[in-house]
Amino acid sequence: MAKTGTALGCEPVIGSLTPSKKREYRVTNRLQEGKRPLYAVAFNFIDDRYYSVFATVGGNRVTVYQCLEGGVIAILQSYVDEDKDESFYTLSWACNIDGMPFLVAGGINGIIRVIDTGSEKLHRSFVGHGDSINEVRTQTLKPSLVISASKDESVRLWNVRTGICILIFAGAGGHRNEVLSVDFHPSDIYRVASCGMDNTVKIWSMKEFWTYVEKSFTWTEDPSKFPTKYVQFPVFIASVHSNYVDCNRWLGDFILSKSVDNEIVLWEPKTKEQTPGEGAVDILQKYPVPECDIWFIKFSCDFHYNAAAIGNREGKIYVWELQSSPPVLMARLSHMQCRSPIRQTAMSFDGSTILGCCEDGTIWRWDANVAP
């Protein structure tokens with residue numbers, strides 16, 4: 001008997017767009033940071049002393065804020081890049097050897113700036129990418145390791161402490177267009193997932209190169225003399241989307257990814273140990289996000305990955321519960337004055353505060369209503 005189609009029970013479960021009202025949020029603040037678009041916003045999950053601290057990037061500016069009680073947002077620090085034509089697209093929190101927080105930012109110039117927020121000075125600049133940087137992420141298990149995704153079709157692993165470019169993920173099996181997003185696996189320290197304009201998600205392993213990662217911490221010579229290695233072949237390539245993939249995040253061993261087709265997809269990569277690069281994809285769930293059909297809109301999660309928040313091109317935010325099947329829409333956030341595309345959201349440690357940074361230079365703060 002010939003077989004065609006999808007096995008019953010294997011279809012992805014699609015979430016309903018009717019909010020469950022499990023958690024209600026209200027606008028508690030709106031800040032106009034400037035005129036230039038804000039592309040990224042992120043809470044500091046690296047250091048529990050600073051969970052209420054967040055940063056934004058827009059134009060050639062990096063700004064650090066703190067969320068206080070009653071919806072108050074206090075500005076703590078601001079950095080202006082010496083190049084007025086710089087436009088930062090991404091930032092991530094990392095940390096120095098003494099535990100002081102670093103802010104790592106990159107953008108159109110292809111230079112990664114590492115800012116020491118303790119001394120309020122520029123710590124290092126990483127030059128290596130041949131084009132603009134679309135995302136920087138930090139390894140939470142080793143927060144002096146950061147990874148960058150670039151328009152130059154490569155992903156690079158850096159040690160912010162020593163200034164070394166350890167690995168470059170590119171080459172024969174690499175991306176064939178801009179890399180838009182990258183993420184470290186939460187528990188498998190060797191694994192990385194990247195995605196981009198070639199419509200694919202690639203999973204890479206650093207296992208056989210790990211001695212170089214360790215060497216980067218003790219290297220005392222000039223960082224440029226470090227034997228940077230190329231990782232040319234991913235262990236898995238997935239074609240889950242038929243268009244640009246601009247955000248991917250690990251959810252345990254599963255992956256959440258989004259394209260420009262108005263949804264986030266949760267899927268499981270089924271790798272074959274014998275044949276690297278090959279394997280199957282099991283699409284588990286879909287989280288619809290209406291009017292989310294422009295590229296470079298990134299979602300965020302709270303610290304424990306209980307929920308994901310994503311903005312859309314009309315200034316609305318959808319908050320999805322991640323640990324339920326079928327998916328539950330916890331809240332849909334909208335305000336009549338918030339109509340500009342929300343490029344990125346940031347969820348606080350426990351998910352009780354959600355920030356949205358907009359193309360019109362505004363930051364919106366939403367706080368969960370506390371039950372009386």
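Structure's up top.
Report on the accompanying structure.

The rules behind the values
Residues numbered from 1 in each chain as written. Predicted model: local features only at pLDDT ≥ 70, side-chain atom pairs only at ≥ 80, totals over all residues. Heavy atoms only, no water. Core = buried A, V, L, I, M, F, W, Y, C linked by side-chain atoms within 4.5 Å. Buried < 20%, exposed > 50% of the residue type's maximum accessible area, 1.4 Å probe, protein only. Helix = DSSP H or I, 4+ residues; strand = E, 2+ residues; numbered from the N terminus. Contact = heavy atoms within 4.5 Å. Pairing = 2+ DSSP bridges. Axes fitted to C-alpha atoms, helices over the stretch in contact; angles between N-to-C directions. Salt bridge = Lys/Arg side-chain N within 4 Å of Asp/Glu carboxyl O. Polar contact = N/O pair within 3.5 Å; in protein donor to acceptor, adjacent residues only side chain to side chain. Arc of directions from axis to C-beta.

**Concerning the nonpolar core**
Formed by 22 residues in total, the largest nonpolar core has its most connected members in Ile147, Leu157, Ile166, Leu167, Phe169 and Met206. Considering every element that reaches this core, the biggest residue donor is strand E14 (residues 164-169), with 4 residues. Those residues within four positions of Met206 in sequence are excluded, and the remaining contacts are Leu157, Leu167, Phe169, Phe184, Ile189, Tyr190 and Val192. One finds Cys247, Leu266, Tyr287 and Leu322 within the second-largest nonpolar core, a separate group that totals 17 residues.

**Some details on the sheet that holds strand E28 (residues 342-347)**
Overall, antiparallel pairing links the 4 strands, which are arranged E2-E30-E29-E28 in an open sheet. In this open sheet, the two strands that pair with only one neighbour each are strand E2 (25-32) and E28. Across the sheet, the mean angle separating the axes of adjacent strands is 20° when strand polarity is ignored. Two strands pair when backbone bridges link them, and strand E29 (residues 353-358) and strand E30 (residues 362-368) are joined in this way by 5 bridges, in the antiparallel orientation. Bridge pairing in E30 places Cys357 opposite Ile363.

**What about the sheet that holds strand E26 (residues 317-321)?**
Spatial ordering of the open sheet is given by E24-E25-E26-E27, a layout of 4 strands whose pairing is antiparallel. The two strands at the open ends of the sheet, each matched to only one other strand, are strand E24 (300-301) and strand E27 (328-333). The sheet contact formed by E26 and E27 spans 5 bridges and is antiparallel. Looking across to E27, one finds that Glu321 is bridged to Val328.

**Regarding the pairing of E30**
Across a regular strand the side chains alternate sides, sitting on one face of the sheet and then on the other. Within E30, 7 of the 7 residues are buried, leaving the element largely enclosed by the surrounding structure. Alternating positions in E30 separate into two faces, Thr362, Trp364, Trp366 and Ala368 on one and Ile363, Arg365 and Asp367 on the other, with burial throughout. Of the pairings in the sheet, the one linking E2 to E30 comprises 7 bridges and is antiparallel in character. Looking at E30, one finds that Arg26 is bridged to Asp367. The turn linking E29 back onto E30 is made up of 3 residues, and Gly361 within it adopts a positive phi angle of 85°.

**Here we look at the pattern of salt bridges**
Under the criterion given, the structure shown has 16 salt bridges. Close ionic contact of Lys22 with Glu321 constitutes a salt bridge, the shortest N to O distance being 2.9 Å. Of this pair, Lys22 sits in the loop between strand E1 (13-14) and E2 while Glu321 sits in strand E26; the two residues are 299 residues apart in sequence, bridging distant segments of the chain. For Glu321, a relative accessible area of 15% translates into the label buried. Linking Glu359 and Arg343 is a salt bridge whose minimum nitrogen-to-oxygen distance equals 2.7 Å. Residue Glu359 is located in the loop between E29 and E30, and its partner Arg343 is located in strand E28; the two are separated by 16 residues in the primary sequence. According to the relative accessible area criterion, Glu359 is partly exposed, its value standing at 27%. Salt bridges linked by common partners bring Asp293, Arg313, Glu314 and Lys316 together as one network.

**A few points about the side chain of His185**
Mapped onto the fold, His185 is located in the loop between strand E15 (179-184) and strand E16 (191-196). Reaching out from His185, the side chain makes a polar contact with the backbone nitrogen of Ser187 at a distance of 3.0 Å. Those residues in contact with His185 that lie beyond four places of it in its chain are Gln139, Arg191, Trp250, Gly252 and Asp253.

**Details of helix H1 (residues 210-218)**
Listing the buried residues of H1 in full gives Trp210, Val213 and Ser216. With its buried residues spanning 110° around the axis, H1 presents them on a single face. Projecting away from the buried face of H1 at angles above 90 degrees are the exposed residues Thr211 and Thr218. Buried-residue contacts for H1 involve strand E12 (145-150), strand E13 (155-159) and E14.

Coordinates in, geometry out; function isn't part of it.
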